[in-house]
Amino acid sequence: MSTIPPPVGQFRADRRTALATVLWAIVLWLFFMIDSLVLSFFIVGLAVASHDWLIGVAPFIGMLLALLIPVLRSARPPGRVLRPDDEPDLAILIRRAAREMEFDTPLAVRVLPTPVAQVHPGFGGRSPSLLLGWPLLRGLTATQLTAIIAREIARHQLTGWREGALASTRGMVAQALTSRFPPRRAVSAALLNATQRYRWRVELAADARAAEILGTTEVRSVLTRATLVAAAFDHLGGHWTKVLAQQRTFPEDLYDALDEALDDPHVVRWVFAAILTDETRDPWAAHARLPLQPRLAALAELPTSTPARTDIGDAASPGTKRAEASHCRPVGGPAGGPVRIHQADDLNRWAPRELLPDSNQIVLPASVLEGPADLFRPVEEARADLLRATGRGTVPDAVTAAVEALESGPPPAAVPRPSAAHASGDGTAPFQTSGGVLAEAPRAGGRWWARAGRDTGWRGLARRIEPSIRAEPPPGRDALARAVLSDCLGSLISMRLVDSGWERASRWVTAVVISPDGRTVDVRELIEQAVDSGDATQVRALIAASNDTEAIMEAGA
């Protein structure tokens, strides 16, 4: 089935789609507010029956305000205002993108601490607002930022305020996916699935419109880079913030650390693997960002590959040319650098504090770059989790039991191979052993109650390490279990290798190590391959190599 979106003219002229979008937004909002609505009508009915309006008026007004607050909150754009006089370079870039898309309406610019790019529709006569995340302003080149702004303008031209209403109500309904009441989860999943078809058409049509103007190469580049920056912010930045919050601190150099981490090819490889796992874990399409691979495939299916415009320039990622956060390159400078932000120092201090759950809480600043790498990958926690999950008394016995579990149970069904999808260009290679032939995974036999009593397979081990896997929807349960197990076991095996004389290949990804003969080995990747194939020969070879290296070092001493 082709993923090519309908022509832009056809999409605009379809008034039934516009009406359906508004109706779906109303339905989603009513579903989210069903509890409050039922309670409100019950109170009003009680007041009518008792002939005492005082019983129902005050609670009903309170319920009415509770119904309207989410709508009023979504009508006001979030973020911090960036005025054109304060940021002339960014204003020039935005006007350039708007001119390319033939968009004449003035845009108010707001910056957010999260990686977002969106045109917020104006309500009540207000002009629309362009929301730009600080990670994207830092992590995208001026060329890529122009492309993503043009793409968001195209999206706004296609939908206007309707998509904003639908997106906000979808976000409300997505909260019901974690409800303990199964019918509520089922209804919310059905509503999300029904409205996702329209959102797909919007996103793909906006991609196609931007590619028509700017060129397919630029749009593919910015979609890939923006997805990478956003995923790194979610996974790395979120983890750093969580660890430091336990010490009542916050990462004051969060964005500098993310920039440095994304210059590491091992981090890029790991983040792309996390992206594919996240996409597998979203069966109801409740995630705010749509999957990257289908969007790139849709661009490839366009009738003609549009050439790049000469005035847009190169679309390469900032890479090593990225300027310091407080000294970003000007828009008129090299095409490989980000746009100059004059308030960069102030935004670097403002953005990390905005990520705190309570902006009034007293916390101390801490540095990610100057802190020890093991602070964010505590081996003691992984060691305790594996000992508890396996029930063994020592770490070597627990690792042995975990490796045996890799070969038990059927392989994951339809789980992507992230490491294979992005395996080129980062210098990593599998740890080859003699006779290491991959075999089919043995199928679990016996009756279900007998298997439930043992639960010794890799799925059961992952659930004991991370009990929240049980609450995961079935389509993404295997992907999460696979990631949890490879992360826990990989950190222990890689630490064992480092203690026996191997070296770390990356500060940020502890599971990638360098052997004494110079080979780069991704321990997580080998564990994932063992889960997929049912053969843990290469993982056992790594454990044996750590023992051999340790013995050689002791003999030399």
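Here the structure is a predicted model, which means the values were calculated and not measured. (Residues numbered from 1 in each chain as written. Predicted model: local features only at pLDDT ≥ 70, side-chain atom pairs only at ≥ 80, totals over all residues. Heavy atoms only, no water.)

Asks: Please explain the overall build of the chain as it appears in this structure.
Replies: A count of helical and extended segments in the chain gives 22 helices and nine strands. Per-residue burial over the chain gives 49% buried out of 557 residues. Taking as baseline every contact in the chain between residues at least 6 positions apart, the subset at least 24 positions apart corresponds to 73%. Split by element, the accessible area of the chain, about 26,800 Å² in all, is 57% carbon and sulfur. (Helix = DSSP H or I, 4+ residues; strand = E, 2+ residues; numbered from the N terminus. Buried < 20%, exposed > 50% of the residue type's maximum accessible area, 1.4 Å probe, protein only. Contact = heavy atoms within 4.5 Å. Areas by Shrake-Rupley, 256 points an atom, 1.4 Å probe, with all protein chains shown as cover.)

Asks: How should the sheet that holds strand β7 (residues 503-504) be read in this particular structure?
Replies: To summarise the sheet geometry, strands pair through backbone hydrogen bonds and adopt either a parallel or an antiparallel arrangement. The three strands are arranged β7-β8-β9 in an open sheet whose pairing can be described as antiparallel. What marks the edges here is a single partner per strand, and that holds for β7 and β9 (520-522). (Pairing = 2+ DSSP bridges.)

Asks: Just to check I follow, could you spell out the nonpolar core for this structure?
Replies: As a rule of thumb, soluble globular proteins bury nonpolar side chains together. If you look at the biggest cluster of nonpolar residues, it comprises 72 residues, and the most contacted ones within it are Leu-90, Leu-132, Trp-134, Leu-145, Ile-148, Ile-149 and Trp-240. In this structure Trp-240 touches Leu-254, Ala-257, Leu-258, Ala-261, Val-368, Phe-376 and Trp-508, once residues within four positions along its chain are discounted. In this structure, Val-399, Leu-461, Ile-469 and Val-539 belong to the second largest nonpolar core, which totals 38 residues. (Core = buried A, V, L, I, M, F, W, Y, C linked by side-chain atoms within 4.5 Å.)

Asks: Hey, could you run me through the pairing of strand β2 (residues 108-112) in this one?
Replies: Burial analysis of β2 places four of its five residues in the buried class, the great majority of the element. In terms of strand pairing, strand β1 (residues 80-82) meets β2 through three bridges, oriented antiparallel. The residue bridging Leu-82 from the neighbouring strand is Val-109, located in β2. When β2 meets strand β4 (residues 129-133), the two strands line up parallel, connected through five bridges. Paired with Val-109 across the bridge in β4 is Leu-130.

Asks: Explain the packing of aromatic side chains here, please?
Replies: Geometry of an aromatic ring pair is reported as the spacing of the ring centres plus the angle between the planes. By the definition in use, this model includes two aromatic pairs. Relative to Trp-508, the ring of Trp-240 lies with its centre 5.2 Å away and its plane at 45°, an arrangement referred to as tilted. Highlighted residues: Trp-240 in helix α10 (residues 216-245) and Trp-508 in the loop between β7 and β8 (512-514), separated in sequence by 268 residues. Above the ring of Trp-350, the side-chain terminus of Arg-80 is found at 5.7 Å from the ring centroid. The lysine or arginine in question, Arg-507, covers the ring of Trp-508, its NZ or CZ lying 4.7 Å from the ring centre. (Phe/Tyr/Trp six-rings, centres within 6.5 Å; stacked < 30°, edge-to-face > 60°. Lys NZ or Arg CZ within 6 Å of the ring centre and 35° of its normal.)

Asks: Can you walk me through the packing of helix α15 (residues 379-390) against helix α19 (residues 458-465) in this structure?
Replies: Helix packing geometry: the angle between the two helix axes and the distance between the axes. Relative to each other, α15 and α19 sit at 125°, their axes nearing to 8 Å. Comparing the axis directions of α15 and α19 gives the class oblique. The hand of the α15/α19 crossing is right-handed. For the pair formed by α15 and α19, the contact residues are Asp-385, Leu-386, Arg-388, Ala-389 and Thr-390 on the first element and Leu-461, Arg-464 and Ile-465 on the second. (Axes fitted to C-alpha atoms, helices over the stretch in contact; angles between N-to-C directions. Parallel < 35°, antiparallel > 145°, perpendicular 65-115°, else oblique. Left-handed = near helix turned anticlockwise from the far one by under 90°.)

Asks: Which parts of the structure should I look at to understand the sheet that holds strand β3 (residues 117-120)?
Replies: Read from one edge of the open sheet, four strands run β1-β2-β4-β3, paired in mixed fashion. The open sheet has two edge strands, β1 and β3, and neither has a second partner. Each strand of the sheet is rotated relative to its neighbour by a mean of 30°, with strand direction disregarded. When β3 meets β4, the two strands line up antiparallel, connected through four bridges. Residue Gln-118 lies in a different strand from β4, and its bridge partner there is Leu-131. Sheet contacts for helix α7 (residues 142-159): β3 and β4; angle to β3, the most-contacted strand, approximately 40°.

So yeah, pure geometry; function would need other evidence.
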